[in-house]
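Fold and contact review
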Amino acid sequence: MLRHFLQRQLILVTGKGGVGKTSCGLSLAYALSEQGKKVLFCEIGGRASSPIFLGLTEVKQGAAVLSWKFNSKLTLTHLETSAVIQDYFRDALPYERLVRFATNNKILSRLWAAAPSFNEFVLLNSIEKICQGTHPRFDERYDHVVVDLHASGHAVTMLGVPKGINRIAKFGAIAERATAIGKILYDSRRTALTIVTIPEELPVQESVELKQRLQDEVGMSVECVILNLIRERHFSEKEGTGFERLLGSMNEGSGKALIRLAATEMKHRQRQEHWLGRIKDCLAVRFVELPVIIPVGRSRIEKLATVMGEVTLTQEWGG
Amino acid sequence: METVLEAIQDKKIVLWAGPGGVGKTTSSAALALALARGGKKICVLTIDPAKRLADALGTNLTNQPTKIDLQSGLGYSGEGELWCLMLDPKETLEDLIRSHANDSKIVDRVLNNTVFNQLSGAMAGTLEYTAIEKLYDLTTNFSFDIIVVDTPPSKSVLDFLEAPDYVARFLEENIFRWFVLFDPKRASRSITSSILQRTGKVIWEVLSKALGADFVDELLEFFRVMEFLASDFRLRAVSLGEMMRSPKTGTLVVGICDPVVLKDVGFLAEEISKRKIEFLGYVVNRTAFFPRSLFELETARSELETVGVFKDPSAELWDRLVAVADEQRTATETQDRVLDEFRSEYRQKAPLAMIPRMAEDIHDLSGLMRVAGHFGALPV
């Protein structure tokens with residue numbers, strides 16, 4: 001599966017909340033770094049959770065934490081709102097005093113907080129600069145930049161911002177930047193957009209809608225869907241029917257309790273298969289299936305990356 | 001210790017907060033159903049429910065409350081009522097603008113403004129603010145005993161809790177007026193103070209350099225039309241903030257038993273209290289259960305041999321059964337440890353409900369009832 005991603009510099013990961021976007025995105029970044037590529041994994045907004053959770057070493061720039069090292073090839077960073085706003089002004093304004101004014105002035109900072117889409121825009125601006133190798137804080141050029149986007153609806157909104165700005169303004173600094181961002185973002189040869197989901201009802205439905213919305217509202221296509229938390233099946237259909245029969249006939253006790261566990265397990269698997277079948281019928285994309293790996297932490301990331309390195313994309317073309 | 005159900009009895013508004021994908025929508029509907037069955041008039045405000053949940057409630061959901069038929073769905077014929085609505089942010093925002101603008105020309109100017117049209121979905125806090133606005137409408141124009149609110153899938157749940165204050169603060173600064181004041185097209189008429197003029201000049205320099213005159217023009221038009229609405233909006237935003245902090249409003253924080261998610265859950269509970277919104281308790285969804293008390297592997301084996309499960313060819317079926325039992329036991333033990341750690345770190349005495357992982361998707365009212373039963377129970 002890695003070939004699909006090895007050909008793209010910018011890799012965007014989205015999906016419903018709670019499906020494991022961050023783990024899958026980070027594992028993908030790690031798998032690419034194992035191919036000898038230099039990779040940057042970006043978390044955006046809110047708080048960065050994975051570096052702290054994984055106990056990674058900080059890389060400082062002055063007093064601020066710039067990034068964390070996963071290994072010699074893979075770096076993690078958190079693109080935090082106030083920092084990307086500053087990045088934008090450093091670039092757009094001619095001298096530092098004006099930059100300080102733009103970010104510290106009370107009225108202007110309220111404006112940046114309130115202007116529709118400004119946060120999304122400056123974030124994409126920084127990502128574009130990182131991809132180009134022209135970002136002042138990340139001056140290295142990365143072979144791959146993997147971005148852990150917001151959940152579904154927010155990701156659609158964010159990805160549509162450069163288009164929206166270009167529809168409003170044709171000339172001026174913001175219009176030029178929006179065009180530059182669009183050149184990378186909306187080019188499917190340079191950017192891969194992937195959805196992570198799990199084989200359950202709501203995540204599957206949301207993924208199907210999400211792919212459609214990305215196509216209709218932003219004009220971006222999803223070519224690969226990562227199916228996370230796929231569990232192995234322990235029992236056959238016939239055994240499953242046998243369990244149901246036993247549950248009807250046995251007296252309560254340890255034996256029946258064990259069969260009840262097995263029957264519940266069976267139901268979970270049937271439901272998983274139902275939703276796997278459903279998503280494969282609904283989406284004409286390539287799928288990657290990832291197993292459940294316990295415990296959480298660094299070893300999970302490494303194991304998932306190994307799986308990603310080994311599996312070939314299953315090509316499924318359905319209705 | 002109190003149960004979650006007891007903790008919310010005297011509230012008028014129950015907010016559900018929690019990270020995405022932990023089952024907020026389903027559990028909030030189930031809680032509403034449990035309360036309605038207790039004889040109260042309940043409304044559940046949901047943001048983006050799965051179609052199947054709407055089907056489960058047996059109705060099409062709109063931006064206005066619809067009464068759910070508990071008689072034919074559950075055979076319930078008591079006093080209690082369950083109402084449900086699904087937020088339509090765009091409709092709510094437009095209604096809000098219409099109700100505040102006394103001039104239909106202004107409504108047209110707002111709704112036709114390019115920035116509003118192209119980017120209003122991306123306007124900071126729009127979804128959150130409209131949800132709270134809807135909630136205010138429900139509290140003032142209807143007579144529900146309790147309103148259960150499924151918070152929107154925010155980038156951060158805190159955005160939701162902060163939305164009214166954020167909007168109020170923003171309007172307090174009268175930012176629209178400032179910008180219009182600095183607008184070069186009006187500058188000659190309205191700027192009197194020279195300090196203002198100087199600041200205004202720098203602001204304009206920053207804006208036109210950083211954004212470009214084209215975009216600033218459009219943005220200004222947006223602010224100009226919003227200025228008409230500002231003072232009314234601000235008063236409303238202040239009332240919304242008060243409603244959130246009222247002793248009749250409380251928050252449940254929902255999560256699943258995963259160490260990363262529980263960290264977020266604990267953090268949220270703390271942040272909610274810091275914002276002076278009452279924290280009511282935790283709900284942990286999709287918990288694992290291992291029937292330790294009625295489980296003895298050797299006994300199980302002999303019982304199953306008696307009913308003839310392991311007559312050849314499949315003694316290896318036994319190995320698979322043991323593997324499944326082991327998996328479940330490990331999962332349950334890990335869960336108990338994680339939950340114990342969580343509870344020793346964050347508010348040990350807070351009410352907590354555990355909702356076990358269901359073997360079937362929930363697609364009707366009786367499915368919701370199976371979830372509902374757990375809110376009145378103490379954690380095991």
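Fair warning: this is a prediction, and the values are worked out from it, not measured in the lab.

**Here's the deal with the overall build of chain A**
The secondary structure content of chain A amounts to 13 helices and 10 strands. Along the first, second and third principal axes, the C-alpha set of chain A runs to 80 × 40 × 40 Å. Per-residue burial over chain A gives 57% buried out of 319 residues. Contacts in chain A between residues at least 24 apart in sequence constitute 75% of all its contacts with a sequence separation of at least 6. Accessible surface for chain A amounts to roughly 13100 Å². Of this, 49% is attributable to carbon and sulfur atoms. Once the 42 positive and 34 negative side-chain charges of chain A are each reduced to a mean point, those two points are 3 Å apart.

**Some points on the sheet that holds strand 1 (residues 13-17) of chain B**
Residue and element names in this part refer to chain B. With respect to topology, 8 strands assemble into an open sheet ordered 3-4-2-5-1-6-7-8, the strand pairing being mixed. Of all strands in the sheet, those bounded by a partner on one side alone are strand 3 (66-67) and strand 8 (352-356). Summarising the sheet, strand 3 and strand 4 (residues 81-86) pair through 2 bridges and their orientation is antiparallel. Within strand 4, the position partnered with Thr66 by the bridge is Cys84. Contacting strand 1, strand 2 (41-46), strand 4, strand 5 (146-150), strand 6 (249-256) and strand 7 (278-287), helix 2 (residues 24-37) runs over the sheet at an angle of about 170° to strand 5. Where helix 14 (residues 259-274) meets the sheet, its contacts fall on strand 1, strand 6 and strand 7, and the angle it forms with strand 6 comes to roughly 170°.

**Brief notes about the pattern of salt bridges**
Residues and elements named next belong to chain A. On inspection of all chains with the given rule, the structure shows 33 salt bridges over all chains. Ionic pairing is found between Arg233 and Glu237, a salt bridge with its closest N-O pair at 2.7 Å. Judged by its relative accessible area of 29%, Arg233 is partly exposed. Residue classification places Glu237 among the partly exposed residues on the basis of a relative accessible area of 45%.

**What about the state of the cysteines?**
All names here are of chain A. Applying the stated criterion to the full structure yields 0 disulfides over all chains. We note that Cys42 lacks a disulfide partner, and the nearest cysteine sulfur, in Cys131, lies 8.1 Å from it. A relative accessible area of 0% means that Cys42 is categorised as buried. Of the residues examined, Cys131 reaches a relative accessible area of 1% and is grouped as buried.

**Some words on the nonpolar core**
With 176 residues, the main nonpolar core has Phe89 and Trp112 of chain A together with Leu82, Leu211, Tyr282 and Phe375 of chain B as its most contacted residues. Looking at this core, the element that brings in the most residues is helix 13 (residues 213-245) of chain B, giving 13 residues. Those residues in contact with Phe375 of chain B that sit more than four places away from it in its chain are Thr3, Val4, Leu5, Trp16, Ser27, Ala30, Leu31, Val283, Ala353 and Ile355 of chain B. Counting 36 residues, the second largest nonpolar core, distinct from the first, contains Ala48, Leu54, Leu74 and Leu290 of chain A.

**Thoughts on the side chain of Arg300 of chain A**
With respect to the secondary-structure elements, Arg300 of chain A resides in helix 13 (residues 298-310). Contact partners of Arg300 of chain A, with chain neighbours within four places excluded, come to Ser23, Ile293 and Pro295 of chain A.

**Details of the packing of helix 2 (residues 21-34) of chain A against helix 13 of chain A**
Geometry of a packed helix pair, given as the angle between the helix axes and the separation of the axes. All names here are of chain A. Helix 13 packs onto helix 2 with a crossing angle of 65° between their chain directions and a minimal axis gap of 8 Å. Between helix 2 and helix 13, the crossing angle belongs to the class labelled roughly perpendicular. Here helix 2 and helix 13 pass one another in a crossing that is right-handed. For the pair helix 2 and helix 13, the contacting residues are Ser23, Cys24, Leu26, Ser27, Leu28, Tyr30 and Ala31 in the first and Arg300, Ile301, Glu302, Leu304, Ala305 and Met308 in the second. Its residues assigned to classes, the contact of helix 2 with helix 13 comprises 9 nonpolar, 2 polar and 2 charged.

**Overview of helix 2 of chain B**
An α-helical segment advances 3.6 residues per turn. Residues three or four places apart therefore align on the same side. Residues and elements named next belong to chain B. Here helix 2 contains 14 residues, and its C-alpha end-to-end distance of 20 Å stays within 8% of the 20 Å for a straight helix at 1.5 Å per residue. Among the 14 residues in helix 2, 12 count as buried, and that is most of the element. Looking only at helix 2, the buried set comprises Lys24, Thr25, Ser27, Ser28, Ala29, Ala30, Leu31, Ala32, Leu33, Ala34, Leu35 and Ala36. Within two residues after helix 2, Gly39 carries a phi angle of roughly 100°, on the positive side.

**Things to note about the environment of Ser188 of chain A**
Residues and elements named next belong to chain A. You can see Ser188 is positioned in the loop between helix 9 (173-185) and strand 7 (191-197). Among the residues examined, Ser188 registers a relative accessible area of 38% and is labelled partly exposed. For the pair formed by Ser188 and Arg110, sequence separation is 78 residues and the distance between their alpha carbons is 36 Å. Apart from the residues lying within four places of it in its own chain, the contact partners of Ser188 are Arg8 and Glu223.

**A closer look at the interface of chain A and chain B**
Interface size, as often reported, equals the accessible area lost upon joining of the parts. Counting from both sides, the interface comprises 69 residues of chain A and, opposite them, 70 residues of chain B. For the pair chain A and chain B, the summed buried surface comes to about 6000 Å²; carbon and sulfur atoms form 68% of the total. Seen at the junction of chain A and chain B, the total is 3 salt bridges. Arg357 of chain B serves as the salt-bridge partner of Glu200 of chain A, at 3.8 Å between the closest nitrogen and oxygen. Inspection of the chain A/chain B interface yields 11 residue pairs in polar contact (both at pLDDT 80 or more). Ranked by the residues each element gives to the side of chain A that touches chain B, the list is headed by helix 12 (residues 254-282) of chain A, at 15 residues. By residue class, the composition of the side of chain A that touches chain B is 38 nonpolar, 16 polar and 15 charged.

Rules behind the numbers
Once a new chain begins, its residue numbering starts again from 1 and follows that chain's sequence as written. Key to labels: chains lettered from A, ligands numbered from 1, both in the order written. Selection of residues for local features in this predicted model requires a pLDDT of at least 70, selection of side-chain atom pairs for listing and counting requires 80 or more, and totals for whole chains, interfaces and linings are taken over all residues. Hydrogens and water molecules were not included; the side-chain quantities draw on all heavy atoms of the structure. Note on conventions: DSSP H or I runs of at least 4 residues are helices, E runs of at least 2 residues are strands, and numbering of each starts at the N terminus. Here the term buried applies to any residue with accessible area under 20% of the maximum for its type, exposed to any over 50%, and partly exposed to those in between, with areas from a 1.4 Å probe on protein chains only. The contact criterion used is simple: two residues touch if any of their non-hydrogen atoms lie within 4.5 Å. Computed with the Shrake-Rupley method and a 1.4 Å probe, the accessible areas treat only the protein chains shown as cover for residues. Just so you know, the count uses Lys and Arg for positive and Asp and Glu for negative, and it drops His and the chain ends. A single reference atom marks each charge: NZ on Lys, CZ on Arg, CG on Asp, CD on Glu. For two strands to pair, DSSP has to find at least two bridges joining them. In this analysis an axis means a line fitted to C-alpha atoms, helices contributing only their contacting stretch, and an angle means the value between N-to-C directions, from 0 to 180 degrees. The rule for a salt bridge is simple: a side-chain nitrogen of Lys or Arg has to be within 4 Å of a carboxyl oxygen of Asp or Glu. Two cysteine sulfur atoms form a disulfide, by the criterion used here, when they sit within 2.5 Å. We define a nonpolar core as any set of buried Ala, Val, Leu, Ile, Met, Phe, Trp, Tyr and Cys residues linked to one another through side-chain atoms lying within 4.5 Å. Angles below 35 degrees are treated as roughly parallel, those above 145 as roughly antiparallel, those between 65 and 115 as roughly perpendicular, and all remaining angles as oblique. Should the near helix be turned counterclockwise from the far one by less than a right angle, the crossing is left-handed, whereas a clockwise turn marks it as right-handed. For this classification, Asp, Glu, Lys and Arg are treated as charged, while Ala, Val, Leu, Ile, Met, Phe, Trp, Tyr, Cys and Pro are nonpolar and the rest, including Gly, are polar. For a helix, the expected span equals 1.5 Å multiplied by the residue count minus one. In this description, buried area is defined as the sum, over both parts, of the accessible area (probe of 1.4 Å) that is lost when the two are combined. N or O atoms within 3.5 Å of each other form a polar contact, as long as, within protein, one can give a hydrogen and the other can take it, and as long as residues adjacent in sequence are counted only when both atoms are side-chain atoms.

Remember, this is a structural readout, not a statement about activity or role.
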